Amino acid sequence: MASVAVKVETKCGACGARVPVNRLAREVGCPRCGRSTAIDGGLWSGLLRDAIHDGPKLALNEERRSSAGDLSVVYARAVPACHGCETAIPVASVQEVRAQALIRCARCARRIWVRAVPAEVAGALPSVTHLVGEEPDRRALPPELQVDAATLPCPRCGATVELDGVNRTCACKLCGASVSVPGERVGSGASQAATPWVLCFDPSVSERAPAVAAGLFDWKGLPEVAVDREGNLYCAATQSRWHCDASGCVNEEVEHVLWSIDPSLNVRWVRRDLPGAARSLHCSKDRLLVIGARRSPPLWLSLTTGAPVEDPAAAALVPDADRRARGLLTCDRDGSLLICADGKLRRIAANGVEVPVWASSARQSDASIYDLKDLRDRPVHLGGTAHTLHCGPDGSLYMVDESPGGALARFDADGRKVYCVELPRPEMDHEELALGADLRGNAYVLGCSRVVRVSATGEPSIVVKAEIDFEAEDGPSFWSERRLAVCPDGAFWLFSEEGIAWKFDPAGRLLFDGEKEPGPRKMTRDQALQRAADMAEERLNLEMKLEMEQARARAEEEQARVAYQSVIQEKVAVERFKRERNRILLRHGCIHFGLVVILGSAIFLWAMWKASQPLSP
């Protein structure tokens, strides 16, 4: 079962802090400010598209990065494992889960959440069947699978209220009261750092994929190549990728990659940590020698895993241009190094000690010559003409003289001269020749327009002609820059710039054409610029929308203020009317009261006066 580990983070929209996303969820809480960030299905689909498409095709533990909006993901092909002790989780245990389960690690007994892909997000995760190692969602777990949670007491009834790690309020299950979660407690029970969780694929998805589909046949300039005794190919290349980050900046990422594939084009291992471009590769017994820039030390790697290994012979490779130039160094089948320096051969044994060039006790030739035809058995002094050296898988040493009218010479493992033949060369040839050999003693020489095979007895024949078979129609010819790697069975690889690679059988029939194989999608510079322009337009639209919303809010606020002022003015007018009415009523009441008092007084005085008058007789 193929599986890909993903580590996801996003950015809090409120405080800008990085927020770990440790499960496939619709929202996550910020561990700093407690605000929740929504993640819809479209974002998940865009974020995990590359992980689902390319992840199963990567070499084991090879990492890639991708992003969508504020979300970023680091993904790698990896087996599901316990976060505590890193013990692998059996595939059968994952496949047995129908809905969700907490399974225990067989070593440390830690519980691991495993669930089938929810139906509502299945469309965003094609071919993915299970999710392993997510941070458990306590709201989605049934009671029998509940894990310990952070809690607060209910202020109404005192019952324990579990915090979900996302929301700022939680409901009490006993009395239903809404409990406010303090900001420093939001996110309690949730991880403060991103941890990987695993996408497990349907068994129909292959774990190993051809190198082209894995994106390895993609390089700038010219790669360096070598082939070991098993026919495994090793390639050091410089790759570049254009990408547009969340801020809209377009950048070109350049990395120096070293990878190995088997004869079936399946990826064996990949290293993306080379400090610089390699100048040459050499296979020796069970190790790979990587020669870098002049000031950088040589690197010995395991052929099987690509891991660095110690080698005493590395100390003998001083940063000398003559000794480290392409073609002037080769590895023999016993693990020793043959170096041509100042026109003289040297042999460095696997233990780092310089030894005689030829193991035979017979006297070695020490005469200085300037033509390969004049070389005798067991040569040591090669003269002043530059040579290309190559040790074949049978121990034979091959030399190519790159002077006009150049020749190829072969010496067996004991140093005896087998042949020296002139190479058929076109009227205009490249100054640097590529050389290789197979187990049957056939030598292969690549010039600028043809591949020449010289048999074990010295009969040359042209295997591939550029002008007939592979002349480029547009742009520079393939043959202007090239590399050759010969397999033990006689098949051979040809490499050129911009990811061009071909493989031929011993008869020169084309077996593989990298340009015709489907590779992964790669963002071009124009696409990155277009994406940056789209992001800028989207930001502009958002800013305009925000400004419109702010203007609308200001208008609504102004309307509310005017309405409020109108209400206040109306209330003031009513109060003024009431005060005026009361004042008038009071005045009228006082007048009426005065009139009544005056009238009553007048009646009283009249009555008194009337009473004081004498009665008439």
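Calculation notes
- Counting of residues starts from 1 at the beginning of each chain's written sequence and follows it residue by residue.
- Residue-level local features of this predicted model are given only where pLDDT is at least 70; pairs of side-chain atoms are given and counted only at 80 or more, and the full residue set underlies all totals for whole chains, interfaces and linings.
- Side-chain numbers here rest on the full set of heavy atoms in the structure, without hydrogens or water.
- Using a grid of 1 Å spacing that covers the protein atoms alone, one calls a set of points a cavity when a 1.4 Å probe fits there but cannot get out, and a pocket when the set is open and has protein on both sides within 12 Å along at least five of seven lines; lining residues are those with an atom within 4 Å of a point.
- Grid points are joined across faces, edges and corners, and a volume is the space filled by probe spheres set on the points.
- A run of DSSP states H or I qualifies as a helix once it reaches four residues; a run of E qualifies as a strand once it reaches two. Both are numbered from the N-terminal end.
- Gly is placed with the polar residues, together with every amino acid not listed as nonpolar (Ala, Val, Leu, Ile, Met, Phe, Trp, Tyr, Cys and Pro) or charged (Asp, Glu, Lys and Arg).
- Being paired, for any two strands, means DSSP has found at least two bridges between them.
- For helices, the axis comes from a line fit to the C-alpha atoms of the stretch in contact; other axes are also lines fit to C-alpha atoms, and the angle between any two N-to-C directions lies between 0 and 180 degrees.
- Pairs of residues are marked as contacts when any of their non-hydrogen atoms sit within 4.5 Å.
- Here the expected length of a helix is defined as 1.5 Å per residue gap, with one fewer gap than residues.
- The quantity called bend is, for any residue, the angle between two axes fitted respectively to the seven residues ending at it and the seven beginning at it.
- Burial status follows relative accessibility: with a 1.4 Å probe on protein chains alone, a residue under 20% of its type maximum counts as buried, one over 50% as exposed, and anything between as partly exposed.
- Polar contact is defined as a pair of N or O atoms within 3.5 Å, subject to the rule that within protein one atom must be able to donate a hydrogen and the other to accept it, and that residues adjacent in sequence are counted only when both atoms are side-chain atoms.
- For salt bridges, the criterion is a side-chain nitrogen of Lys or Arg within 4 Å of an Asp or Glu carboxyl oxygen.
- In this analysis, a patch consists of residues with relative accessible area above 30% that form no salt bridge, clustered at 9 Å for like charges and at 5 Å for the nonpolar side chains Val, Leu, Ile, Met, Phe, Trp and Tyr.
- Surface exposure here means Shrake-Rupley accessible area, sampled with a 1.4 Å probe, where a residue is shielded only by the protein chains that are shown.
- Here the nonpolar core consists of buried residues drawn from Ala, Val, Leu, Ile, Met, Phe, Trp, Tyr and Cys, with membership extended through side-chain atoms lying within 4.5 Å.
- Two rings from Phe, Tyr or Trp (for Trp, the six-membered ring) form a pair when their centres sit within 6.5 Å of each other. Planes less than 30 degrees apart are called stacked, planes more than 60 degrees apart edge-to-face, and all others tilted.

Things to note about empty space enclosed by the protein
Point 1. Evaluation of the coordinates by the stated rule reveals 4 cavities of 30 Å³ or more.
Point 2. By volume, the largest cavity is sized at about 720 Å³.
Point 3. As for the largest cavity, its lining consists of 38 residues, of which Ala226, Leu281, His282, His390 and Leu435 are closest to the centre.
Point 4. Looking at the lining of the largest cavity, the elements with two or more residues in it are strand S15 (220-227), strand S19 (280-284), strand S22 (329-331), strand S26 (387-391), strand S30 (434-437) and strand S34 (483-486).
Point 5. For the lining of the largest cavity, the element with the most residues is S19, which contributes 5 residues.
Point 6. Class assignment for the residues of the lining of the largest cavity results in 19 nonpolar, 9 polar and 10 charged.

Here we look at the sheet that holds strand S18 (residues 267-271)
Point 1. The sheet built from 4 strands is open, its strands ordered S15-S16-S17-S18 with antiparallel pairing. For this open sheet the edge positions go to S15 and S18, each flanked by a neighbour on one side alone. Neighbour to neighbour, the strand axes of the sheet diverge by 30° on average, direction disregarded.
Point 2. As judged from the 4 bridges shared by strand S17 (residues 250-261) and S18, these two strands associate in the antiparallel manner. If you follow tryptophan 259 over to S18, its bridge partner there is valine 270.
Point 3. Sheet strands in contact with helix H5 (residues 525-612) are strand S16 (233-244) and S17, and its direction is about 25° off that of S16.

Considerations on helix H1 (residues 41-54)
Point 1. Here H1 contains 14 residues, and its C-alpha end-to-end distance of 20 Å stays within 8% of the 20 Å for a straight helix at 1.5 Å per residue.
Point 2. The largest bend along H1 reaches roughly 45° and is located at leucine 48.
Point 3. Within H1, burial applies to Trp44, Gly46, Leu47, Leu48, Ala51, Ile52 and Asp54.
Point 4. Regarding H1, its N-cap is aspartate 40, as a side-chain oxygen of that residue lies 2.8 Å from the backbone nitrogen of leucine 43 further along.

Here's the deal with the pattern of salt bridges
Point 1. Tallying each qualifying case throughout the model produces 16 salt bridges.
Point 2. For glutamate 134, the salt bridge goes to arginine 115, with nearest N and O atoms at 2.6 Å. Residue glutamate 134 is found in strand S9 (residues 128-134), and its partner arginine 115 is found in strand S8 (residues 111-116); the two are separated by 19 residues along the sequence. Comparing glutamate 134 with arginine 115 shows no difference in burial state: the two are buried.
Point 3. Residues aspartate 412 and arginine 416 are paired through a salt bridge, measuring 3.2 Å at the closest nitrogen-oxygen approach.
Point 4. The buried category is assigned to aspartate 412, whose relative accessible area is 16%.
Point 5. Taking the relative accessible area as the measure of exposure, arginine 416 reaches 39% and is therefore partly exposed.
Point 6. Shared partners join several salt bridges into a network, and the residues in it are Asp412, Asp414 and Arg416.

Here's the deal with the layout of surface pockets
Point 1. As a volume, the largest pocket reaches approximately 1500 Å³.
Point 2. Every residue lining the largest pocket is counted, 46 residues in all, and those nearest its centre are Asp50, Arg65, Ser66, Arg241 and His243.
Point 3. Elements with a minimum of two residues in the lining of the largest pocket: strand S1 (3-11), H1, strand S5 (63-68), strand S6 (71-77), S16, S17 and H5.

Regarding H5
Point 1. Here H5 spans 128 Å end to end across 88 residues, near enough to the 130 Å set by a 1.5 Å rise per residue.
Point 2. Elements that come into contact with the buried residues of H5 comprise S16 and S17.

Some details on the sheet that holds strand S35 (residues 492-495)
Point 1. In spatial order, the strands read S34-S35-S36-S37; together these 4 strands make up an open sheet with antiparallel pairing. Each edge of the sheet is formed by a strand with only one pairing partner; in this case those strands are S34 and strand S37 (510-513). Mean inter-strand twist for the sheet, computed between neighbouring axes without regard to direction, equals 20°.
Point 2. Inspection of the sheet shows S35 paired to strand S36 (residues 501-504) by 4 bridges, in the antiparallel sense. Among the inter-strand pairings, phenylalanine 492 is bridged to a residue of S36, identified as phenylalanine 504.

Describing unusual backbone geometry
Point 1. Although it is not a glycine, alanine 109 sits at a positive phi angle of roughly 65°.
Point 2. Structurally, alanine 109 can be placed in the loop between strand S7 (100-104) and S8.
Point 3. Positive phi, normally seen in glycine, also occurs at leucine 265, with a value near 70°.
Point 4. If you trace the backbone, leucine 265 turns up in the loop between S17 and S18.

A few points about a nonpolar patch on the surface
Point 1. The grouping of Tyr564, Ile568 and Val572 at the surface amounts to a nonpolar patch, some 270 Å² of accessible area in total.
Point 2. The residue isoleucine 568 is located in helix H5 in this model.
Point 3. Isoleucine 568 sits in the partly exposed class, given a relative accessible area of 31%.

Things to note about the nonpolar core
Point 1. Counting 30 residues, the largest nonpolar core has Val6, Val8 and Trp44 as its most contacted members.
Point 2. The biggest single contributor to this core is H1, with 5 residues.
Point 3. Apart from residues no more than four positions distant in its own chain, valine 6 is found in contact with Leu48, Ala51, Val73, Val74, Tyr75, Thr195, Pro196, Trp197 and Leu199.
Point 4. Core analysis: the second largest hydrophobic core is formed by 24 residues, Val257, Val267, Ala491 and Phe512 among them.

So, the packing of aromatic side chains
Point 1. Scanning the entire structure with this criterion turns up 12 aromatic pairs.
Point 2. Consider the rings of tryptophan 358 and phenylalanine 411, whose centres lie 6.5 Å apart with planes at 45°: the pair is tilted. Highlighted residues: tryptophan 358 in the loop between strand S25 (354-355) and S26 and phenylalanine 411 in strand S28 (residues 407-411), separated in sequence by 53 residues.
Point 3. The class for phenylalanine 411 is buried, based on a relative accessible area of 0%.

As for the side chain of aspartate 513
Point 1. Turning to its location among the elements, aspartate 513 is positioned in strand S37.
Point 2. On the basis of relative accessibility, which here comes to 11%, the residue aspartate 513 falls in the buried class.
Point 3. Engagement of the side chain of aspartate 513 in a polar contact is seen with the side chain of tryptophan 502, the distance being 2.9 Å.
Point 4. With sequence-adjacent residues up to four places away left out, aspartate 513 is seen in contact with Ala501 and Trp502.

Notes on the environment of leucine 435
Point 1. With respect to the helices and strands, the residue leucine 435 is situated in strand S30.
Point 2. For the pair leucine 435 and glycine 447, spaced 12 residues apart in the sequence, the C-alpha separation amounts to 9.3 Å.
Point 3. For leucine 435, the residues in contact, after removing those within four places along its chain, are Thr388, Leu389, His390, Tyr398, Met399, Val400, Leu408, Tyr444, Val445 and Leu484.

Re the pairing of strand S32 (residues 450-454)
Point 1. Of all the 5 residues making up S32, 5 are buried; the element is thus mostly covered by neighbouring parts of the structure.
Point 2. Going residue by residue along S32, you find Arg450, Val452 and Val454 tucked away on one face and Val451 and Arg453 tucked away on the opposite face as well.
Point 3. Pairing geometry for strand S31 (residues 443-446) and S32, over 4 bridges, is antiparallel. Bridge pairing in S32 links alanine 443 to valine 454.

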